[in-house]
Amino acid sequence: STSVRELLADPPSPCIVEVSQLLDQEDVMGDDWRRLWSQLLNRPLNETLARQQTEGPTQFILKRWCKMKSKSETTLLHLIEVLNAVYRNDVAMVVEKHCKMSNRDDHEGKLVE
């Protein structure tokens, strides 16, 4: 499975952009980037710090998560599990859709002539 770290490169992949757009919008239930922070970063929420980031809170959280964990622990499959755990199945489905699209592209690129 693709590492989230690769998708955060400059510029971030369409998958990360879409995930960020969905999670950066604050949700009244708190099922947004704040819950992602508590799920991924194992430290007290720092809303001020997260909000000040130019790339937005979600990408900031994902970048910190990738720094803290190994590549094998920060794959898209892990991200999908986390998103489901924070009650954002809608966002998890976005990631799954991008996974399927990139896998299809890989296979199409490997067609033997």
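Residues numbered from 1 in each chain as written. Predicted model: local features only at pLDDT ≥ 70, side-chain atom pairs only at ≥ 80, totals over all residues. Heavy atoms only, no water.

1. Concerning the packing of aromatic side chains
Under the defined criterion, the tally for this structure stands at one aromatic pair. Relative to F60, the ring of W37 has its centre 6.3 Å away and its plane inclined at 40°; by these criteria the two rings are tilted. Here the residue W37 occupies a position in helix 3 (residues 33-40), and F60 occupies one in helix 5 (residues 57-68), the gap between them amounting to 23 residues. Accessibility expressed as a relative area gives 1% for W37, which makes it buried. Relative accessible area serves as the criterion here: at 10%, F60 is assigned to the buried category. R34 extends its terminal NZ or CZ atom over the ring of W33, reaching a point 6.0 Å from the ring centre. (Phe/Tyr/Trp six-rings, centres within 6.5 Å; stacked < 30°, edge-to-face > 60°. Helix = DSSP H or I, 4+ residues; strand = E, 2+ residues; numbered from the N terminus. Buried < 20%, exposed > 50% of the residue type's maximum accessible area, 1.4 Å probe, protein only. Lys NZ or Arg CZ within 6 Å of the ring centre and 35° of its normal.)

2. Examining the environment of L23
Its location among the elements puts L23 in helix 2 (residues 14-24). Once the C-alpha coordinates of L23 and E81 are considered, the two residues, 58 residues apart in sequence, prove to be 15 Å apart. Discounting chain neighbours no more than four positions away, the residues touching L23 are D31, D32, W33, L36, T58, L83, R88 and V91. (Contact = heavy atoms within 4.5 Å.)

3. Brief notes about helix 5
Here helix 5 contains twelve residues, and its C-alpha end-to-end distance of 17 Å stays within 8% of the 16 Å for a straight helix at 1.5 Å per residue. Residues P57, T58, Q59, F60, I61, L62, W65 and C66 constitute the buried set of helix 5. Residues of helix 5 that are buried in the fold lie against helix 1 (4-7), helix 2, helix 3, helix 4 (47-52) and helix 6 (76-85). (Expected span 1.5 Å × (residues − 1).)

4. Some points on the confidence of the model for the protein chain
Predicted confidence across the protein chain gives a mean pLDDT of 89, with 91% of residues reaching 70 or more. Here helix 7 (residues 89-109) is the element of the protein chain with the lowest mean pLDDT, 80, and helix 5 is the one with the highest, 97. (pLDDT = per-residue confidence, 0-100.)

5. Focus on the state of the cysteines
Scanning the entire structure with this criterion turns up zero disulfides. There is no disulfide at C15, and the cysteine sulfur nearest it, in C99, is 6.6 Å away. Taking relative accessible area as the criterion, C15 reaches 4% and is therefore assigned buried. C66 carries a free sulfur, and the closest cysteine sulfur to it, the one in C15, is 12 Å from it. (Disulfide = S-S within 2.5 Å.)

6. What about the pattern of salt bridges?
Overall, the coordinates contain nine salt bridges when judged by the stated rule. For E6, the salt bridge is made with K71, and the minimal N-O distance between the two is 3.3 Å. Of this pair, E6 sits in helix 1 while K71 sits in the loop between helix 5 and helix 6, and the two are 65 residues apart along the sequence. A relative accessible area of 48% places K71 in the partly exposed class. One salt bridge connects R88 with D90, and the closest N-O pair in it is separated by 3.0 Å. For R88, a relative accessible area of 10% translates into the label buried. Each of the salt bridges in this network shares a partner with another, and the network as a whole consists of E26, D32, R34, E47 and R51. (Salt bridge = Lys/Arg side-chain N within 4 Å of Asp/Glu carboxyl O.)

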